[in-house]
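Each chain, letter by letter, is given below.
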Amino acid sequence: MISNTSPWWQHGIIYQIYPRSFKDSNGDGIGDLEGIISQLDYLTWLGVNALWLSPFYPSPMADFGYDITDYCAVDPLFGDLKTCDRLIEQAHQRDLKVMLDFVPNHTSDEHPWFLLSRSSRQNSRRDWYIWADARPDGSPPNNWLSVMGGSAWEWDASTAQYYLHTFLTKQPDLNWRNPAVKAAMFDVIRFWLERGIDGFRVDAAHYILKDPALRDNPLNSSVQQVLHKPMGDYDSQVHLYDSAHSDVHAVYRELRQLLNTYSTTQPRFLLGEVHIFNREVWANYYGADLDELHMPFNFDFIRTIWNARDIRQSVDDLEAHLPPGAWPNYVLGNHDEPRIMTRVGSGMARLAMLLLLTLRGTPTLYYGDEIGMHDGEIPPERVSDPMAKNRPGLGLGRDPERTPMQWDGSPNAGFCLSASEPWLPLPADYQQVNVAVEQEDPYSLLSFTRRLIELRRSALALTAGSYSPIEETPAACFVFRRQSAEQSYLIALNFSGEEQALALSELGRGRIILSTCLDRGELIDLTLLRLRGEEGLVIALESL
Ligand code: GLC
């Protein structure tokens, strides 16, 4: 192991677990915390450093746990607090950090706070959510739209006002302008920090504050304004007033201070889901004095066209816009996006993994991507995701990337007992694509990923070194250098299906440490470097 003084969230690799889909221990076809505990040894074998668990809190599951009725408990589907404590303890024993999903923008409409809030206009919890009168014609207070389709306002007949829901009607937005809401939500953070949680992924982080005057959003005349994927009617507006109000920064500054008070022995960490693609605005979430989120997620690789030029541009653009001292991060996929394997194909998926794990910045790995899971096919009668149900035909459903983890070739892929029915169907190829088969195959994507992680963990230049792109390479290649005081690595990626020849004579000689094909280890003269189609190489340079 390297001696590395940077905090864990900078040099470590984050692994995202979608608890419903990771490992079922009790035969109900839904993954659970006990199942995660049973696979911790696999995660240490793989070599990741931190787990981010998508929500496991009590929930009616309208949005599969992102609609919460109690922030400080565990839904019986997943286990209980005791099991959660054991998970934290067992993970820590293995030197794995544990991060939770913190969902500040909304609760479930079945949360006791909302039940009180909607019970009467006089209730002390009324102002914990965002209520507004109808316009004179009875229509919603403004034109804001829900990310999940339709108006963002829902009429409550008994109290004759509308409430705001940026997502489902079953996910009313909390009113973060009310100090009591902030205090209650900060107590949630304290509750988990005191249980030993190492950090939080802040859900929908930029949505929590909106225009207090509730002004109408302008209409969108430009396709440039859309999010990374077409979102139907939601794209018809510029989301100027319904999210990302500048007051949001004061909240994250305060939240960071709260985390700091718990960071005396080891750093606690805030990672935000910020779907903003204007780099300047996005970078503000680090805070003017790096005093807000430790990092906003960088989702650019999910929407960038997969070729050498665009990927390089994305990296350079990120590097150029980082505030001084801020730390970058990269993501290939998550529970809301089609899987990398499906987006780019199998040869490219290896290249993508090499890129993710050699760039300067914290990588987040989505469960199953290390074995090359692709999007599952979901027959119409098994569609579960509200995003798909609310907007059929737009291809927005997120079930395909949430299918059960493929552990082995047994019925139900070792995810659940053979007699149980997994909550989503397994992809047909699970007998070839699974952990057990790939652990035995030294050339599998899993073996490749593990070796890459091992390399990253042992090489200071790859975890903490500088990044510099190499100019004058063929258009199909992205080549960059990672360098520390003592090591220099060259990463060469061929994004085309054809062989590419590179002349990098000024770099001298180097040894190939890893190829995406796992079949090279020779000493080479960089005067002529040949890359096979879709091949990526890590080369240790002889001179710095
Ligand atoms: C985030 C989550 C997504 C969820 C939404 C509402 O975008 O990643 O899964 O549906 O927030 O909570």
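Here, every reference points to the structure presented above.
Keep in mind the model is a prediction, meaning the values are calculated, not measured.

Analysis parameters
Residues numbered from 1 in each chain as written. Predicted model: local features only at pLDDT ≥ 70, side-chain atom pairs only at ≥ 80, totals over all residues. Heavy atoms only, no water. Helix = DSSP H or I, 4+ residues; strand = E, 2+ residues; numbered from the N terminus. Rg over C-alpha atoms; globule rule 2.2 N^0.38 Å. Contact = heavy atoms within 4.5 Å. Lys, Arg positive; Asp, Glu negative; His and termini not counted. Charge placed at Lys NZ, Arg CZ, Asp CG, Glu CD. Phe/Tyr/Trp six-rings, centres within 6.5 Å; stacked < 30°, edge-to-face > 60°. Buried < 20%, exposed > 50% of the residue type's maximum accessible area, 1.4 Å probe, protein only. Lys NZ or Arg CZ within 6 Å of the ring centre and 35° of its normal. Expected span 1.5 Å × (residues − 1). Pairing = 2+ DSSP bridges. Axes fitted to C-alpha atoms, helices over the stretch in contact; angles between N-to-C directions.

Visitor: What's the story with the overall build of the protein in this structure? I'm lost.
Guide: Looking only at helices and strands, the protein has 16 helices and 19 strands in total. What you see for the protein is a C-alpha radius of gyration of 24 Å, in line with the 24 Å of a compact globule of 544 residues. Judged by the C-alpha coordinates and their principal axes, the protein covers about 75 × 50 × 50 Å. Relative to all contacts within the protein whose residues are 6 or more apart in sequence, the contacts with residues 24 or more apart total 69%. The averaged location of the 72 negative side-chain charges in the protein is 3 Å from the averaged location of its 47 positive side-chain charges.

Visitor: Explain the packing of aromatic side chains to me, please; I cannot follow it from the model alone.
Guide: When we look at a pair of aromatic rings, we describe it by the centre distance and by the angle of the planes. In total, this model carries 32 aromatic pairs according to the counting rule given. Aromatic side chains Phe-191 and Trp-192 sit 5.0 Å apart centroid to centroid with 90° between the ring planes, which places their arrangement in the edge-to-face category. Residue Phe-191 is classed as partly exposed on the basis of its relative accessible area, which comes to 22%. Residue Trp-192 is classed as buried on the basis of its relative accessible area, which comes to 1%. Pairing Trp-282 with Tyr-286 gives two aromatic rings, centres 5.7 Å apart and planes at 85°, and the pair type is edge-to-face. Judged by relative accessible area, Trp-282 falls into the buried class, the value being 2%. Site record: aromatic cluster; members linked through ring pairs are Tyr-15, Phe-22, Tyr-42, Trp-45, Tyr-366, Tyr-367 and Trp-407. Across the ring face of Trp-128, the terminal group of Arg-125 is positioned such that the distance to the ring centre comes to 4.3 Å.

Visitor: Please clarify how helix H15 (residues 445-458) should be interpreted in this entry.
Guide: Within an α-helix, residues lying three or four positions from one another point in the same direction, as the helix has 3.6 residues per turn. Across its 14 residues, H15 extends 20 Å between first and last C-alpha, which sits within 8% of the 20 Å expected from 1.5 Å per residue. Within the span of H15, buried status applies to Leu-445, Leu-446, Ser-447, Phe-448, Thr-449, Leu-452, Ile-453, Leu-455 and Arg-456.

Visitor: Looking at this structure, I do not really get the sheet that holds strand E19 (residues 536-541). What am I missing?
Guide: One key point about sheets: their strands pair by backbone hydrogen bonds, in either a parallel or an antiparallel sense. If you walk across this open sheet you meet the six strands as E12-E13-E14-E19-E16-E17, and the pairing is antiparallel. Across the chains shown, the open sheet's two edge strands, defined by having one partner strand only, are strand E12 (466-469) and strand E17 (523-525). Within this sheet the neighbouring strands show an average axis-to-axis angle of 30°, counted without direction. For strand E13 (residues 477-483) and strand E14 (residues 488-494), the ladder comprises seven bridges, and the chain directions are antiparallel. Bridging across to E14, Arg-482 finds its partner in Tyr-489. Against the sheet, helix H10 (residues 308-321) touches E12 and E13, its axis set at about 135° to E12.

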